[in-house]
Amino acid sequence: MRRAGLAVSAVLLFSLVAQAAAATDISRDEYRERVEPICKANTEANERILAGARNRVRAGEYGKAAAQFRSAAKALKRTRLQLLAVPMPAGDEPKLSEWLDGVKAEVGLLERVGQALTKGDLYAAQKLVVKLSTNANRTNAGVLAFEFTYCWFQPSLYT
Amino acid sequence: MISVRRLLPRLLTAAVGALALVGLAAAPASANLEFSSLGIQLREADGTYSRQAGAHSDFNFSFAFPEVETRQEGVQNIGPPEAMKDVELELPRGMYANPQPFATCTPQQFTREGFWTACPVASQIGSVDLTLTGGFGGKHKVALFNLSHGPDVPARFGFRYIFAMVQITPRVRPGDYGITSATTNASQAEGIQAVSLHLWGVPGDPRHDEERQHVNRPEIFPEQALGTEAPRTAFFTNPSGCPDEAGSFTAHGDSWEHPGVFDTRQLPTDEEGNPFVWEGCENQPFDPSLVAKPGTYRAHSPTGLDVVLAVAPDDGAGGYSAANVKRTVVDFPQGMTVSPSAVAGLGACSEAQVGLGSNDAPTCPDGSKIGNVTIKTQLLGDPLEGDVVLATQNANPFHSTFAIYLLAKGPGFWLKLPGELNLDPQTGRLKVIFDNLPELPFETAHLDFRGGPTAPLVTPSVCGNYAIRTEVFSWAKPTEPTVVSQPMDINEDCAGGGGFNPELQAGVANPVAGARSPLTIKVHRLDGEQNISRLEFTLPEGELASLKGVAVCPDSLAGGGNCPVGSQVGIATTTIGTGAFPLVVPQPGKAPTALYLAGPYKGAPYSLVTTVPAQAGPFDFGDIVVRTAINLNPVTTQVIAKSDPLPQILEGVPISYRDVRIEVQKPDFTVNPTSCEQRAVTSTITSIDGTQVHPSVPTKVGDCASLNFGPKLALRLKGGTHRGDFPQLTATLTTGKKEANIARVATTLPHSEFLEQGHIGTICTRVQFAAKQCPAASVYGHARAFTPLLDEPLEGPVYLRSSSHPLPDLVAELNGQFDVELSGRIDSHNQGIRTTFETVPDAPVTKFVLQLKGGKKSLLVNSRNLCKAPSRATIRMVGQNGMLHKEQPPMQDRCKAKKGGNEKGGGGKGARR
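Residues numbered from 1 in each chain as written. Chains lettered and ligands numbered in written order. Predicted model: local features only at pLDDT ≥ 70, side-chain atom pairs only at ≥ 80, totals over all residues. Heavy atoms only, no water.

This part is about the overall build of chain B. The helix and strand tally for chain B stands at six helices and 60 strands. For 913 residues, the compact-globule formula gives about 29 Å, and the C-alpha radius of gyration of chain B, at 46 Å, lies well above that figure. Considering only C-alpha atoms, chain B reaches an extent of 155 × 60 × 45 Å along its principal axes. Residue burial in chain B is summarised as follows: out of 913 residues, 56% are buried. Of the roughly 36,100 Å² of accessible surface on chain B, a fraction of 52% belongs to carbon and sulfur atoms. (Helix = DSSP H or I, 4+ residues; strand = E, 2+ residues; numbered from the N terminus. Rg over C-alpha atoms; globule rule 2.2 N^0.38 Å. Buried < 20%, exposed > 50% of the residue type's maximum accessible area, 1.4 Å probe, protein only. Areas by Shrake-Rupley, 256 points an atom, 1.4 Å probe, with all protein chains shown as cover.)

What chain A contains, in helices and strands, is six helices and two strands. Sequence-ordered secondary structure for chain A, helices as α and strands as β, is α-β-α-α-α-β-α-α. Within chain A, buried positions represent 53% of all 159 residues. For chain A, the computed accessible surface area is about 6,900 Å², with 49% contributed by carbon and sulfur atoms.

All names here are of chain B. With the rule as written, the count across this model stands at 18 aromatic pairs over all chains. Relative to F236, the ring of F59 lies with its centre 5.0 Å away and its plane at 20°, an arrangement referred to as stacked. Taken together, the residues span a long stretch of sequence, with F59 in strand β2 (residues 58-64) and F236 in strand β13 (residues 236-237) at a distance of 177 residues. Among the residues examined, F59 registers a relative accessible area of 1% and is labelled buried. (Phe/Tyr/Trp six-rings, centres within 6.5 Å; stacked < 30°, edge-to-face > 60°.)

So, about the confidence of the model for chain B. Atom-level detail of predicted coordinates should not be read off regions where pLDDT is low. All names here are of chain B. Per-residue confidence for chain B gives a mean pLDDT of 88, with 93% of residues at or over 70. A low-confidence stretch, residues 1-31 stays under pLDDT 50, and its non-local contacts, those more than four residues away or across chains, total 152 contacts. Of the two predicted TM-score estimates for the complex, the pTM is 0.78 and the ipTM is 0.73. (pLDDT = per-residue confidence, 0-100. Contact = heavy atoms within 4.5 Å.)

Residue and element names in this part refer to chain A. Mean pLDDT over chain A works out to 80, with 82% of the residues at or above the 70 mark. Here helix α1 (residues 3-11) stands out as the element of chain A with the lowest mean pLDDT, 32, in contrast to helix α5 (residues 93-119), whose mean of 93 is the highest. Overall, residues 1-21 carries pLDDT values under 50, and its contacts beyond four positions in sequence, including any with other chains, amount to 111 contacts.

A few words now on the state of the cysteines. All names here are of chain B. Applying the stated rule across the entire model yields seven disulfides over all chains. Here C105 is linked by a disulfide to C119, with a sulfur-sulfur distance of 1.9 Å. A torsion of -70° about the S-S bond marks the disulfide between C105 and C119 as left-handed. Highlighted residues: C105 in the loop between β6 (96-97) and α2 (107-110) and C119 in the loop between α2 and β7 (124-133), separated in sequence by 14 residues. Of the residues examined, C105 reaches a relative accessible area of 1% and is grouped as buried. Residue C119 is classed as buried on the basis of its relative accessible area, which comes to 2%. Between the sulfur atoms of C242 and its disulfide mate C281 the distance is 1.9 Å. The disulfide joining C242 to C281 has a torsion of about 105° about its S-S bond and is therefore right-handed. A residue pair is termed long-range when its members are at least 10 positions apart, and C242 in the loop between β13 and β14 (249-255) and C281 in the loop between β15 (263-267) and β16 (288-294) qualify at 39 residues. By relative accessible area, which is 5% here, C281 ends up buried. (Disulfide = S-S within 2.5 Å.)

Attention now moves to the interface of chain A and chain B. Counting residues at the interface gives 19 residues for chain A, matched by 22 residues for chain B. Surface buried jointly by chain A and chain B totals about 1,600 Å² across both partners, of which 55% is contributed by carbon and sulfur atoms. Inspection of the region where chain A meets chain B yields zero salt bridges. On the surface where chain A and chain B come into contact, there are five residue pairs in polar contact (both at pLDDT 80 or more). Examining the composition of the side of chain A that touches chain B, we find that seven residues originate from one element, helix α6 (residues 122-142) of chain A, more than from any other. (Buried area = accessible area lost by both parts, 1.4 Å probe. Salt bridge = Lys/Arg side-chain N within 4 Å of Asp/Glu carboxyl O. Polar contact = N/O pair within 3.5 Å; in protein donor to acceptor, adjacent residues only side chain to side chain.)

Overall, mixed pairing links the twelve strands, which are arranged β59-β58-β49-β55-β54-β53-β52-β51-β56-β48-β47-β60 (chain B) in an open sheet. The strands lining the two open edges of the sheet, one partner per strand, are β59 (884-887) and β60 (891-892) of chain B. (Pairing = 2+ DSSP bridges.)

Before going further, it helps to spend a moment on the pattern of salt bridges. A side chain with one charge may pair with a side chain of the opposite charge, provided their charged atoms come close. Residue and element names in this part refer to chain B. Applying the stated rule across the entire model yields 30 salt bridges over all chains. The salt bridge partner of R93 is E439, with a shortest N-O separation of 3.1 Å. Taken as a pair, R93 in the loop between β5 (84-90) and β6 and E439 in the loop between β25 (430-434) and β26 (444-449) lie far apart in primary sequence, 346 residues in all. Overall, the relative accessible area of 35% leaves R93 in the partly exposed class. In the salt-bridge network here, residues are joined through shared partners; they are D58, D205, R207 and R232.

All names here are of chain A. Taking 1.5 Å as the rise per residue, helix α2 (residues 28-49) with 22 residues should run 32 Å; its terminal C-alpha atoms sit 31 Å apart, in good agreement. Taken as a whole, α2 carries its principal kink of about 25° at V35; the proline P37 stands between one and four residues after it. Here α2 has its buried residues at R28, Y31, V35, E36, I38, C39, N42, T43, A45 and N46. (Expected span 1.5 Å × (residues − 1). Bend = angle between axes of the 7 residues up to and from the residue.)

In this section: the sheet that holds strand β29 (residues 482-490) of chain B. All names here are of chain B. Taken in spatial order, the eleven strands line up as β16-β18-β26-β21-β22-β23-β24-β25-β19-β28-β29 in an open sheet, and their pairing is antiparallel. For this open sheet the edge positions go to β16 and β29, each flanked by a neighbour on one side alone. Between one strand axis and the next, the sheet turns through 20° on average, direction left out of account. Where strand β24 (residues 413-423) lies against β25, five bridges are found, and the strand directions are antiparallel. When the sheet's bridge partners are listed, G419 is paired in β25 with F434. (Axes fitted to C-alpha atoms, helices over the stretch in contact; angles between N-to-C directions.)

All names here are of chain B. Burial of the side chains of strand β30 (residues 503-508) is restricted to one face: L504, A506 and V508 are buried, whereas none of E503, Q505 and G507 on the reverse face is. Alignment of β30 against strand β31 (residues 519-524), held across six bridges, turns out to be antiparallel. The residue bridging Q505 from the neighbouring strand is K522, located in β31.

Below, the discussion takes up the side chain of T538(B). All names here are of chain B. Relative to the helices and strands, T538 is located in strand β32 (residues 532-538). For T538, a relative accessible area of 17% gives the class buried. Discounting residues that sit within four places of it in the chain, T538 has contacts with Q638, V639, I640, A680, V681 and T682.

Structure representation (structure tokens):
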């Protein structure tokens, strides 16, 4: 496993919070205006949460790094709930739902990375990072047309 | 008497240390003349025999011919069987006589009318016992005088009895510089039966008073003792060396009856059977000194050198002469060595031109002269003056790269001394060695190597206190050097030694966009700065070369620089050395330099072989071959040329690079950019101590407006046309002639094509991509690029590669003669999928085909039935010349291909949604 990649990947994860939101006649631009601040806040929070995680993994301090990943997962989970609360444009509901499912999967993967690190199982952590990256790409691709500035994963930093 | 007078014009010459005798009487002969007796005696003042090296012994040479009875016209004669013509005596090397301190007898005094000479008593340096036949037959003892002479001989001695005058002239033998006397064309007027010549060790010694000849007396009368004003200084001296082997004398004699038929006798012992083994060398004083002054005390500058080697002179009659110098080894300090700047225009003197071992005048070319030599010896009135000349490389007595000759004309001989210049091949440290010097005394030897910008030496590059160390070996003690150390402080212009700030110059001859034009890159280093070790250049974007059809030098030949002419793409010029006139290579008339294109080297796909024939002046050091790896920045296609370390020393001569100039001048080889933006040739230049500097030169071509820009891009979908089908996409780009290259391309697909996020599976990481280890599953297509610069198209897989963008980049890995990567960013624009190639190399491409897979690996999915309505992509291309080209080409699909047919399309292997 590439420890550095793992750490960096976590640093720049943005978090998404959501509450279930019914589809409305909100426009795509309006939706973007409402979710982007949520994503931006998560990104900034995660930078603080995961600061130094890379070096801890390198130093073999897996326990501390694992805690950071779990915290990042929690933050992303909260963000997803916030995002769920934003009404979706009527025509985009399937895409955005799929997107939020991708975010949920990312939350789960982050938690599992934390668990793997807790066990000191770097091989498992590495495999999970690959999944994080693939899931992130797919999730991003689903909302490509929304042209987000903050609400996307940066999968290259997982590796 | 008349017959005796006729002898006068035929008087002989003889030698300082050897003796020449003149026959005075005619003798009938029927057989060759042979010596009946020969004898050498060397005696100390007390009468004992002398073998002390350097002692001033009395020397006696006697010989006689057989007495035979003959009858001529009824008259009985007793005398030698034939009339003596020539007698020569070769002295052992190192034995000499010094006439300089003594008065001379002028020709007028010697040949004055009457029966005897008017030579001054002080000019007598020995005596002669003569046994004559004929009219003045009988035994006679006469004085041997030191005669004045002309510049063609080193000395002349003479004796006279009545009207018979004999001159003895020495000559210096070539080769071992021993002394040989030669008596030629002796008169036949009187017969000479026997001769005994005595050369006095110290003519002024009062014990010779009874042997002095009074002025106006025909011969010596012992009872009339006579004092002298001659100084009590040595005249005759034994050799100063004590070799194990015995020395010997050699006598030659021939007759008028049989001229040229010599009776040659070796004399290995004296008359008492004692061999000539010299001894007591430890008793000889030897106190050499050396003064060496460079022409400048500036660091790292060409310099002449003034060297004076002095030997304390003979200590006079009372002791022994100072030992003579046999060998000198001048060891110059580290950093002071041969200057390449001196070589330009220099000539060299061959062994044949020098004529070692002969007394012929050298015929060295003027250009071979690098200095002057002046040798002052107590044996001659005037110093020997001559030249220091450069010897021909390898064809010299030492078979060495560097050697010199000291050539000086003496009276009647040429001094020709070869000296070896020994340069340490690793450090360049210089030693100058002269060995087997003449076993003769000198007071000073002054070598003056010329100064100025083309001086033969260069001072150390760093200021400091240095010393020139010289070992001086004597003939007396040839294994025990006297060490002389001469301080040499280099303390001027010290500042230049540490800096490293080379200047870069670069440009093309015809700076027109897209033109084919020679390219020149030059690095200039200031004199005194650190030397250049490595060069690395990065050419501006778009400055490329056409490899199509160019022969590549085989690797088997590239190492030695012997590449075929067809692979030559340019030339190289280097300027090396210090001072105002560094050496430019190649020199006029010498072999040209060459820059060859060669194959893979050190991981790079191509390389350049720079072959610089190291020929300058009379020297040929072979070829300097430097390989330069040629890489291409895969993103920008900038050419990156990284040289091997440049040689720092060649045959011991440090190579200080002043200029390195590369000219890529093969016609139609180099291609200019099609962008008129200012770009740069950048470089990394490394000094010998590892310092790196990065000078760059802005470059810019013009006339971009004259280039067109109108590439065509065709997009074709293949496969299912229904909504949810996963088509294959083929994008074909074509360009026209005289067009600017593409700088940026953005292709936005119509809304009929969505990105199929479910097919975004395996992504090649950037680390994997850099290592060329992308997983096969990360391949989503294939691309091929055709360029007029290469023989074959570049082609390779198209990957999805991780990026810092929301989606992976679409990257074409184009492999072939060079590897190029074309990276496109995927995003959305006006709800359409847009792929933007932000950085397209400024390289000519005639055709580019990118094919994305269909079916399960398709990155696209039809958002609607493609056959219901035509759709168009939006293309926005920017040329390197800044021109914008937009088009909206139709998406070609199977609907059009099946005009009027069904719309099922088919072919898409992937599942529909």
